[in-house]
Amino acid sequence: MNYRHAYHAGNFADVVKHAVLTRILLYLQEKPAAFRVIDTHAGAGLYDLTGDEAMRGGEWRDGIARLLAAELPDDAASLLKPYLDIVHAYNAAAELRRYPGSPLIARALLRPQDRLVACELEPSARRQLIDCLRRDRQARVVDLDGWTALTAYVPPNERRGVVLIDPPFEDKRESERLIERFSAAFAKWPTGIYAIWYPVKDLRATREFTAEVARVVAARSSQASRDVRCLRFELSTGDAVEGGLHTAGLLIVNPPWTLQGELKTMLPALSRALRRAQGARFSLEAL
Ligand code: SAM
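Residue numbers run consecutively from 1 along every chain, following the written order of its sequence. Only residues with pLDDT of at least 70 are given local features in this predicted model, and only at 80 or more are side-chain atom pairs given and counted; all residues enter the totals for whole chains, interfaces and linings. Calculated side-chain values reflect all of the structure's heavy atoms, with hydrogen atoms and water omitted.

For the peptide bond that leads from Val154 to Pro155, omega is -10°, which places it in the cis range. By the secondary structure assignment, Pro155 is in the loop between α7 (146–152) and β6 (161–165). The backbone of Phe169 sits at a positive phi, close to 55°, despite the residue not being glycine. A helix here means a DSSP run of H or I that spans at least four residues, while a strand means a run of E at least two residues long, and both kinds are numbered starting from the N terminus. Tracing the backbone shows Phe169 in the loop between β6 and α8 (174–188). Look at Phe169 and you get buried, because its relative accessible area is 12%. Positive phi values are uncommon outside glycine, yet Asn254 reaches one of about 55°. Summarising the element assignment, Asn254 is placed in the loop between β9 (247–253) and α10 (259–274). The buried label applies to any residue whose accessible area, calculated with a 1.4 Å probe on protein chains only, is under 20% of its type's maximum; exposed applies above 50%, and partly exposed to all values in between.

See below:
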């Protein structure tokens, strides 16, 4: 396993993913009943943006740094505020030195009745994550393959919650494995919210991949349900950006009913803030 998220922490893809994860968790907070967050590929937790890895790629400069500097319309600013408040909580005023990854964002939004389970296989990232969540009775870091956890941990006892599936996509067969493991998990827990992150390197391949996930969901969902079952959005910072990733997406299965409207407000503002070159765009579709 060569992937190190520290090179990418706080980049445009993290920003968009974490802003949406925050909206999902705030929705889950609306009912008093407990929820669980299952983070199948959790990463190290907290990233030092002044460290070698983050400085080498510098991706955060075009991600969280741009968003923090942007002037946002009021409606988008108020939807993004809870996410940005969490980022600020890890930084002294007017400074940006640290970036919280998905398990710390989730942890910040747990109420006393809620739980987080975070899987991380890479030993050094796992050690760092354990340090971040030491003596935390609501959060558990496990040395378990995220793909195994995906089916083993669903449905959670709470029967409410979200599974974040955020693998490195280093392996060409990662999307096939994702579809296969997601199908097994969805069969066990068809009412859970699943947020599936993916890079867009080959548009046709990603279209097929997301359509296949949507087919799995449609095949197992009640025909009577009129709710949106899958929301797909993608954001590109510009076709002309040299090297590195410039387009990423998130597929949300069983999205909160509020999310589509929130994305319609947030995506134009995020796109403007994170735009780097010609061809910057975003899309939002119900599948
Ligand atoms: N979810 C994190 C966030 O948003 O802050 C980023 C996670 S990063 C994209 C993917 C992580 O998955 C890496 O830290 C990698 O070490 C870990 N990983 C890779 N394969 C895994 C597996 N099979 N099970 C659990 N973790 C894995």
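More follows now that the structure is in view.
Positionally, Arg160 belongs in the loop between α7 and β6. Sequence spacing of Arg160 and Asp114 is 46 residues, and the spatial spacing of their C-alpha atoms is 9.8 Å. Ignoring any residue separated from it by four or fewer positions in sequence, one finds Arg160 in contact with Leu28, Lys31, Ala33, Ala34, Phe35, Arg36, Arg111 and Trp189. For Arg160, the side chain forms a polar contact with the main-chain oxygen of Ala33, separated by 2.5 Å. In this analysis, two residues are considered to be in contact whenever any of their non-hydrogen atoms come within 4.5 Å of each other. Contacts described as polar in this section are N or O atom pairs within 3.5 Å, which, within protein, must combine one atom able to donate a hydrogen with one able to accept it, while residues neighboring in sequence count only if both atoms come from side chains.

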